[in-house]
Amino acid sequence: MRLIIRDDKRQTSLWVAEYIVRRINDFRPSKDRPFVLGLPTGSSPEQVYANLVDFYKKGKVSFKHVVTFNMDEYVGIPTSHPQSYHSFMFKHLFQHVDIPPSQIHIPSLENYKDYDNMIAKYGGIELFLCGVGSDGHIAFNEPGSSLSSKTRIKTLTKETVIANARFFDGDVNAVPKSAVTVGVKTVADAREVVLIADGRGKAEAVKQAVEGSISHTWTVTALQMHPRFIMVVDDAATEELKVKTVKYFRDIESEGSSEDKIKSKL
Ligand SMILES: N[C@@H]1[C@@H](O)[C@H](O)[C@@H](COP(=O)(O)O)O[C@@H]1O
């Protein structure tokens with residue numbers, strides 16, 4: 001695991017967007033060999049998407065040969081609903097860049113049983129970007145979800161419904177109570193996972209992800225097993241970590257990752 005700590009959300013969002021642009025460009029995607037990108041919704045990635053749009057407009061990246069798979073979607077509201085994840089993705093990213101609509105995938109009641117197969121047909125996900133819930137859930141894999149789960153329907157916990165009420169004018173009753181979501185294993189099967197978290201509200205989840213034991217109680221902890229897992233967090237999100245942990249990761253990252261260091265010497 002790499003843990004990148006930046007001062008604030010502006011900086012974490014920039015780091016992640018620059019990283020994604022670099023990964024897409026280094027991959028040199030083509031029609032026959034697209035870059036397969038897993039994507040989240042939520043307030044955490046919003047500025048990442050704004051930066052990606054900006055980089056696209058400046059000609060630094062193209063999404064023409066990028067295939068996307070979103071991680072989740074509410075059940076019970078139409079895709080046209082302003083708070084559907086479908087609407088979110090078009091508003092913040094898809095409508096501003098050159099991705100062909102046929103290359104966009106969002107889970108739904110219609111396609112969820114085939115979702116993991118669809119991903120497999122593209123050769124798997126190259127990079128899965130994700131956020132994390134305050135209770136440590138990734139996508140909508142709430143506490144107690146199987147760490148080997150695949151795409152399915154999940155009931156949302158009260159904590160998540162309350163947390164997401166902010167997008168529904170604070171009305172808890174308006175928040176859908178279930179969702180289609182990729183599984184923990186769907187995320188963990190990606191060749192690389194990049195997680196972005198900011199704010200004090202994510203501090204406990206970040207602590208569990210970095211210092212906790214692997215447990216279905218905090219589904220994010222499953223990513224500790226991942227060979228290429230990068231967490232990008234702001235200062236506030238590190239507040240529950242041990243001083244020693246923060247110092248350790250700051251020290252190794254201040255020199256660049258060991259891989260970057262070795263490559264730069266070649
Ligand atoms: N299903 C989404 C998750 O994918 C997201 O990571 C989480 C955190 O959202 P936010 O980034 O708004 O804090 O919220 C929702 O529950």
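Quantities reported herein were computed from a predicted structural model and do not represent experimental measurements. (Residues numbered from 1 in each chain as written. Predicted model: local features only at pLDDT ≥ 70, side-chain atom pairs only at ≥ 80, totals over all residues.)

Engineer: I tried to follow the overall build of the protein on my own but got confused; where do I start?
Structural biologist: The helix and strand tally for the protein stands at nine helices and ten strands. Over its C-alpha trace the protein gives a radius of gyration of 18 Å, about what one expects of a compact globule, namely 18 Å for 266 residues. Overall, the protein is about 50 × 40 × 30 Å in size when its C-alpha atoms are taken along their principal axes. Counting contacts in the protein only where the partners sit at least 6 residues apart, residues at least 24 apart contribute 79% of the total. (Helix = DSSP H or I, 4+ residues; strand = E, 2+ residues; numbered from the N terminus. Rg over C-alpha atoms; globule rule 2.2 N^0.38 Å. Contact = placed C-beta atoms within 7 Å.)

Engineer: Please clarify how helix α3 (residues 85-92) should be interpreted in this entry.
Structural biologist: Considered for burial, the residues of α3 that qualify are Y85, H86, F88 and M89. Projected down its long axis, α3 shows its buried positions confined to an angular sector of 165 degrees, all on one face. Close packing links the buried residues of α3 with β2 (35-39), β3 (66-70) and β4 (72-75). (Buried ≥ 20, exposed ≤ 12 C-beta atoms within 10 Å, placed from the backbone. Arc of directions from axis to C-beta.)

Engineer: It is not clear to me how the nonpolar core should be interpreted in this structure. Could you clarify?
Structural biologist: Counting 68 residues, the largest nonpolar core has C130 and M231 as its most contacted members. Discounting chain neighbours no more than four positions away, the residues touching M231 are M1, L3, I4, L195, A197, A209 and V210. (Core = buried A, V, L, I, M, F, W, Y, C linked by C-beta atoms within 7 Å.)

Engineer: Where do I start with the site of the ligand in this structure?
Structural biologist: Neighbouring the ligand are P40, G42, S43, S44, M71, D72, G131, V132, G133, A139, F140 and T160. A breakdown of the residues in the shell around the ligand according to their chemical character gives five nonpolar, six polar and one charged. (Near = placed C-beta within 6 Å. Nonpolar A, V, L, I, M, F, W, Y, C, P; charged D, E, K, R; others polar.)

Engineer: I'm lost on the UniProt feature "domain: Glucosamine/galactosamine-6-phosphate isomerase" (unreviewed entry) in the protein in this one. Help?
Structural biologist: Under the feature "domain: Glucosamine/galactosamine-6-phosphate isomerase" (unreviewed entry), the UniProt entry names residues 8-220. Secondary structure content for residues 8-220 is 33% helix and 15% strand, and the end C-alpha separation is 21 Å. (UniProt positions renumbered as here; feature names shortened; annotations may be inferred.)

Engineer: Looking at this model, I keep getting lost on the sheet that holds strand β6 (residues 127-130). Mind explaining?
Structural biologist: Two orientations exist for strands paired in a sheet by backbone hydrogen bonds: parallel and antiparallel. A sheet is described by the order of its strands in space; here seven strands give the open sequence β1-β10-β9-β6-β2-β3-β5, paired in parallel fashion. Either end of the sheet is taken by a strand with one partner, and the two such strands are β1 (2-6) and β5 (104-105). As paired elements, β2 and β6 share two bridges and run parallel to each other. Directly across from G38, in β6, lies its bridge partner F128. (Pairing = 2+ DSSP bridges.)

Engineer: Help me out: how do you make sense of the sheet that holds strand β7 (residues 152-155) in this one?
Structural biologist: On the basis of which strands lie adjacent, the open sheet formed by three strands has the order β4-β8-β7 and antiparallel pairing. Across the chains shown, the open sheet's two edge strands, defined by having one partner strand only, are β4 and β7. When strand polarity is set aside, the average angle formed by the axes of neighbouring strands in this sheet is 30 degrees. (Axes fitted to C-alpha atoms, helices over the stretch in contact; angles between N-to-C directions.)

Engineer: What am I meant to see in the pairing of β7 here?
Structural biologist: Consecutive side chains of a regular strand alternate in pointing toward one face of the sheet and then the other. Residue alternation in β7 divides its side chains into a buried set, R152 and K154, and an unburied set, I153 and T155. Of the strand pairs in this sheet, β7 and strand β8 (residues 178-181) are connected by four bridges, and their pairing is antiparallel. In the strand pairing of β8, T155 is matched with S178.

Engineer: I keep staring at unusual backbone geometry and nothing clicks. Help me out?
Structural biologist: With the exception of glycine, the majority of residues adopt a negative phi angle, and the majority of peptide bonds are in the trans configuration. One non-glycine residue, R28, lies in the positive phi region at around 50 degrees. Structurally, R28 can be placed in the loop between α1 (9-27) and β2. Phi is positive for A139, close to 55 degrees, though the residue is something other than glycine.

Engineer: It is not clear to me how the packing of α1 against helix α2 (residues 43-57) should be interpreted in this structure. Could you clarify?
Structural biologist: Helix-helix packing: each pair is described by the crossing angle between the helix axes and the interaxial distance. It is the contact of α1 with α2, at a shortest axis distance of 8 Å, that shows an interaxial angle of 50 degrees. If you check the angle between α1 and α2, you find them oblique. Remark: the crossing between α1 and α2 carries right-handed chirality. Residue-level contacts link K9, R10, S13, L14, V16, A17, I20 and V21 of α1 to Q47, V48, N51, L52 and F55 of α2. Classifying every residue of the contact of α1 with α2 gives eight nonpolar, three polar and two charged. (Parallel < 35°, antiparallel > 145°, perpendicular 65-115°, else oblique. Left-handed = near helix turned anticlockwise from the far one by under 90°.)

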